[in-house]
Amino acid sequence: MKYVSTRGSAPSLDFEQVLLAGLAEDGGLYVPESWPHFSADDLRAMRGLPYVEIAKRVMTPFLGGAIPAADFARIVEESYATFEHKAVTPLKQLDQDFWVLELFHGPTLAFKDVALQLLGRLFDHVLTRRGERVTIVGATSGDTGSAAIEACRDRAAIDIFILHPKGRTSEVQRRQMTTVLSANVHNIALEGTFDDCQDQVKAMFNDPAFRAAQRLSAVNSINWARIMAQIVYYFAAGLAIGAPDRRIAFSVPTGNFGNVYAAYAAKQMGLPIEKLVVGSNRNDILTRFFQSGEMKIAGVEPSLSPSMDIQVSSNFERLLFDMLDRDGALVAETMKGFRATGGFAVGDNQLGRAKALFEAHRVDDQQTGAVIRAVHGETGEILDPHTAVGVGAARAATLDADVALVSLACAHPAKFPDAVEAATGLRPALPPRLADLFEREERLTVLPNDLAALQNFISGKTRLKGAA
Ligand SMILES: *Cc1c(COP(=O)(O)O)cnc(C)c1O
């Protein structure tokens, strides 16, 4: 299996190289050169298998032999043993033809664990075999940081440094990061904003000497292996409700377009999906795109679903590559124009093809609260605000009556207790595994918003031999 860049001019890489590279050299994102295919009979043969077995079958074709089968089996089993629910991503039926797919049973109670638990172990495996190590550096406004830390804690070949803006994350979010006391985990509370954190991380990556000496790396949302891991739960859920012998659709609350792109990939691989409903909050660049064919940047405004407060959806470029018939030069030109002008448009023909599969709806904060309240009243289930955006979009979708619809539940409601309490009057409790979070010991280092101070701290803490 080879991977090609969406911008057409970086070299094709194998799985291991793509895993470690993240972004392609030409600024593009890697995608498989062709999609592995599962026939209807292959799918029927997977029905009833445990999640980890489906995971191995769905992901193995992407490895191209890079990781021995027995090692990969162990990595997959360990990754999903960290999930609280035996089914890993259980379905909960809310109506005759409507389910939510609970993706939040991992260590940090959000769906990013599904991909990152695997990614951390894959990194560690590949690096250890090569006799290499990396220093992961990232910035977080709260959510991704804890998922990355849980993925990398105690991994022999990885040191991880996560910058968060001091005093500007919720206490739950901070504690989910700072109570991980593993020797290779370093939480930095930066005296600044989230934008300052991001700028400092960028500055470190843009310092070639530091980058090379510390072997800087990232586990960001454009890494192909994250998409690969997310494809699995679409297969697992589809099979559980009767695919390929039943018509199915998914509704996905969307920010960077990673999650819903994984659904698109599942469809390319043979899972018959009728419709993908894209839900956005007031930051609705994607909804506007699927309505008009024009991608146009607007300012980011805070919403009840902060993990979807985005200005651009980085993974959208992977879909654009297919919409433009895999013409890398045209994608490169389009993205260049996008950077320069803040906008681009696709033709009616391309938009028409996309709309045959995708349908997008915007769900604002008021509607989000109304969905949380209504679903609680009707079913007793409590949704987090991100999940509610997906459910709100699902309710607005135009689907044939016999299509079974699965909406993705991306975070545990206890991660966003204020929004839930405002909508329902109930304050959701943390699950038992995190019940003592507020009593646990914290460890963090406060640092000024200063590049040299950050670089000194990181160089002093990494376990690299011979590093500057
Ligand atoms: C990251 C995240 C999203 C958005 O997912 P994308 O893959 O970026 O579209 C939605 N909900 C929650 C809770 C998240 O953490």
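Just so we're clear, the structure is a prediction, and the values are computed from it rather than from any experiment. (Residues numbered from 1 in each chain as written. Predicted model: local features only at pLDDT ≥ 70, side-chain atom pairs only at ≥ 80, totals over all residues. Heavy atoms only, no water.)

Caption draft 1: Fine view of helix H3 (residues 51-63). For H3, with 13 residues, the first-to-last C-alpha span of 18 Å sits near the 18 Å given by 1.5 Å per residue. The largest bend along H3 reaches roughly 25° and is located at Arg 57, with the proline Pro 61 sitting one to four residues downstream. By the burial criterion, the buried members of H3 are Tyr 51, Val 52, Ile 54, Ala 55, Lys 56, Val 58, Met 59, Phe 62 and Leu 63. Of the residues flanking the end of H3, it is Gly 64, one or two places downstream, whose phi is positive at about 55°. (Helix = DSSP H or I, 4+ residues; strand = E, 2+ residues; numbered from the N terminus. Expected span 1.5 Å × (residues − 1). Bend = angle between axes of the 7 residues up to and from the residue. Buried < 20%, exposed > 50% of the residue type's maximum accessible area, 1.4 Å probe, protein only.)

Caption draft 2: Fine view of the state of the cysteines. Taken as a whole and assessed by the stated rule, the structure comprises zero disulfides. This cysteine, Cys 197, is not joined by any disulfide, and Cys 152 carries the nearest cysteine sulfur, 18 Å off. (Disulfide = S-S within 2.5 Å.)

Caption draft 3: Examining the UniProt feature "domain: Tryptophan synthase beta chain-like PALP" (unreviewed entry) in the protein more closely. As recorded in UniProt, the feature "domain: Tryptophan synthase beta chain-like PALP" (unreviewed entry) lies at residues 88-329. In residues 88-329, helix accounts for 42% and strand for 21%; the two terminal C-alpha atoms are 40 Å from one another. (UniProt positions renumbered as here; feature names shortened; annotations may be inferred.)

Caption draft 4: Highlighting the UniProt feature "domain: Threonine synthase N-terminal" (unreviewed entry) in the protein. Within this structure's numbering, the places UniProt gives as "domain: Threonine synthase N-terminal" (unreviewed entry) are residues 2-80. Strand forms 8% of residues 2-80 and helix 49%; the C-alpha atoms that close the span are 27 Å apart.

Caption draft 5: A look at the site of the ligand. Within the structure, the ligand sits among 14 residues, and Lys 112, Gly 255, Asn 256, Phe 257 and Asn 259 are positioned closest to it. Here an oxygen atom of the ligand sits 3.2 Å away from a polar atom, N or O, in the main chain of Phe 257. Residue Asn 259 places a main-chain N or O atom 3.0 Å away from an oxygen atom belonging to the ligand. Coverage of the ligand by the protein chains reaches 95% of its 390 Å² of free accessible surface. For the shell around the ligand, the residue count by class is five nonpolar, seven polar and two charged. (Near = heavy atom within 4 Å. Polar contact = N/O pair within 3.5 Å; in protein donor to acceptor, adjacent residues only side chain to side chain. Areas by Shrake-Rupley, 256 points an atom, 1.4 Å probe, with all protein chains shown as cover. Nonpolar A, V, L, I, M, F, W, Y, C, P; charged D, E, K, R; others polar.)

Caption draft 6: Representation of the nonpolar core. Counting residues in hydrophobic clusters, the biggest one holds 115 residues, and the most contacted among them are Trp 224, Ile 231, Phe 235, Phe 250 and Phe 316. The dominant element in this core, judged by the number of residues it contributes, is helix H10 (residues 224-240), at 13 residues. For Phe 316, the contacting residues outside a window of four places in its chain are Asn 256, Phe 257, Leu 286, Phe 289, Phe 290, Met 295, Met 323 and Phe 344. (Core = buried A, V, L, I, M, F, W, Y, C linked by side-chain atoms within 4.5 Å. Contact = heavy atoms within 4.5 Å.)

Caption draft 7: Main features of helix H14 (residues 328-341). Over its 14 residues, H14 runs 20 Å from end to end, which matches the ideal 20 Å to within 8%, given 1.5 Å per residue. Along H14, the positions that sit buried rather than exposed are Gly 328, Val 331, Thr 334, Met 335 and Phe 338. Seen from one end, H14 has its buried residues packed into an arc of 120°, which puts them on one side. Facing away from the buried side of H14, by more than 90 degrees, are the exposed residues Ala 329, Glu 333, Lys 336, Ala 340 and Thr 341. Sitting at the amino-terminal end of H14 is Asp 327, which places a side-chain oxygen 3.3 Å from the backbone nitrogen of Ala 329. Residue Gly 342 follows H14 closely and has a positive phi angle near 80°. (Arc of directions from axis to C-beta.)

Caption draft 8: Expanded view of the pairing of strand S13 (residues 358-362). Summarising burial for S13: four of the five residues are buried, a large majority. Pairing analysis gives five bridges linking strand S10 (residues 273-280) to S13, with the strands arranged parallel. Its bridge partner being in S13, Gly 279 is matched across the sheet by His 361. (Pairing = 2+ DSSP bridges.)

Caption draft 9: The arrangement of the packing of aromatic side chains in detail. Across all of its chains, the model carries 21 aromatic pairs by this definition. With a centroid separation of 6.5 Å and an interplanar angle of 55°, the aromatic rings of Tyr 3 and Phe 15 are classed as tilted. Placement of the pair is Tyr 3 in strand S1 (residues 3-5) and Phe 15 in helix H1 (residues 15-21), with a sequence separation of twelve residues. The buried category is assigned to Phe 15, whose relative accessible area is 1%. Here Phe 257 and Phe 358 contribute two aromatic rings whose centre-to-centre distance is 6.0 Å and whose plane-to-plane angle is 40°, an arrangement assigned as tilted. With Phe 257 in the loop between strand S9 (248-253) and helix H11 (258-268) and Phe 358 in strand S13, the pair connects residues that are 101 residues apart, well separated along the chain. By relative accessible area, Phe 358 is classed as buried at 3%. Linked through ring pairs, Phe 257, Tyr 261, Tyr 264, Phe 289, Phe 290, Phe 316, Phe 338, Phe 344 and Phe 358 together constitute an aromatic cluster. (Phe/Tyr/Trp six-rings, centres within 6.5 Å; stacked < 30°, edge-to-face > 60°.)

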